[in-house]
Amino acid sequence: VQLVESGGGLVQAGDSLRLSCAASGRTYGSYAMGWFRQAPGKEREFVAAIRWNGGSTYYADSAKGRFTTSRDSAKKTVYLQMNNLRPEDTAVYYCAADNSIILSAMGSAAAYKYWGQGTEVTVSS
């Protein structure tokens, strides 16, 4: 499984961005796709996740109401729509995938086997 993120950039507070994660290989069925971010000097943290089957979504509290994750199965691409961005959203954003994640582990970076290279998001105040 290969994952390639895109869509990051420099924006101002209040702006929106849509990140994409293009997957190749066997990313369907029971796979879960997660979004994580890592700010300089901080731990990698969970943002959102979605299951290919059914499209169930899960969000960190910091993302609820502002971020939305979705998938396009035909394009094998997962998206993270980020609205009303804040300076504290500045980070490198990663997508991740795994096919054996239980619900309680969806927010754990250690549960995901496959990772993209990350895309940088910078939000200026």
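Everything that follows concerns the structure shown earlier in this document.
All residue numbers refer to position in the chain's written sequence, counted from 1. Reporting of local features is limited, given that this is a predicted model, to residues whose pLDDT is at least 70; pairs of side-chain atoms are given and counted only at 80 or more, and all residues count toward the totals for whole chains, interfaces and linings. Processing note: side-chain calculations cover all non-hydrogen atoms of the structure and skip hydrogens and water entirely.

Chemist: When you look at the overall build of the chain in this model, what are you seeing that I'm missing?
Modeler: The helix and strand labels rest on DSSP assignments: H or I over at least four residues marks a helix, E over at least two residues marks a strand, and numbering proceeds from the N terminus. Helix and strand content of the chain: zero helices and eleven strands. Along the first, second and third principal axes, the C-alpha set of the chain runs to 40 × 25 × 25 Å. The proportion of buried residues among the 125 residues of the chain is 42%. Nonlocal contacts in the chain, meaning residues at least 24 apart in sequence, comprise 56% of its contacts between residues at least 6 apart. The protein chains shown are the only cover counted for residues, whose accessible areas, like all others here, come from Shrake-Rupley with a 1.4 Å probe. Per element, the accessible surface of the chain, about 6200 Å² overall, is 47% carbon and sulfur. For each residue, the accessible area found with a 1.4 Å probe, counting protein chains only, is set against the maximum for its type, and the residue is called buried under 20%, exposed over 50%, and partly exposed in between. Only heavy atoms matter for contacts: two residues are in contact if any of them lie within 4.5 Å across the pair.

Chemist: Even after reading the chapter, I still don't get the pattern of salt bridges, so can you show me in this structure?
Modeler: A pair can form between side chains of opposite charge whenever their charged atoms are brought close. Note on definitions: salt bridges are taken to be side-chain nitrogens of Lys or Arg within 4 Å of carboxyl oxygens of Asp or Glu. Per the stated rule, a full pass over the model turns up four salt bridges. Ionic pairing is found between Glu45 and Arg37, a salt bridge with its closest N-O pair at 2.5 Å. Under the relative-accessibility criterion, Arg37 is labelled buried at 6%.

Chemist: Could you clarify how one ought to interpret the packing of aromatic side chains in this entry?
Modeler: Both the distance between ring centres and the angle between the ring planes are used here to describe each pair of aromatic rings. Whether two aromatic rings pair depends on their centres lying within 6.5 Å, for rings of Phe, Tyr and Trp, where Trp uses its six-membered ring; planes under 30 degrees apart make the pair stacked, over 60 edge-to-face, and the rest tilted. Under the criterion given, the structure shown has five aromatic pairs. When the ring of Phe36 is compared with that of Tyr112, the centres are 5.2 Å apart and the planes differ by 80 degrees; the resulting orientation is edge-to-face. Linking Phe36 in strand 4 (residues 32–38) with Tyr112 in the loop between strand 9 (91–98) and strand 10 (114–115), this pair joins segments that are 76 residues apart in sequence. Centroid distance Tyr112 to Trp115: 6.3 Å. Interplanar angle 65 degrees. Geometry classified as edge-to-face.

Chemist: Please explain unusual backbone geometry as it appears in this structure.
Modeler: Apart from glycine, the bulk of residues carry a negative phi angle, and the bulk of peptide bonds sit in the trans form. A positive phi angle, near 50 degrees, is found at Lys76, a position not held by glycine. Relative to the elements of secondary structure, Lys76 occurs in the loop between strand 7 (67–72) and strand 8 (77–82). Its identity as a non-glycine residue notwithstanding, Asn84 has a phi of 50 degrees, on the positive side. Mapped onto the elements, Asn84 comes out in the loop between strand 8 and strand 9. In this structure Asn84 comes out as partly exposed when scored by relative accessible area, which is 42%.

Chemist: What exactly am I supposed to notice about the state of the cysteines here?
Modeler: As used here, a disulfide is simply a covalent bond connecting the sulfur atoms of two cysteines. Disulfide: a pair of cysteine sulfur atoms within 2.5 Å of each other. One pass over the full model with this rule turns up one disulfide. Through a disulfide, Cys21 is tied to Cys95; the S-S separation comes to 2.0 Å. Judged by the torsion about the S-S bond (55 degrees), the Cys21/Cys95 disulfide is right-handed. With Cys21 in strand 3 (residues 17–24) and Cys95 in strand 9, this residue pair connects regions lying 74 residues apart in the sequence. Across the pair, Cys95 and Cys21 agree in class, each one buried.

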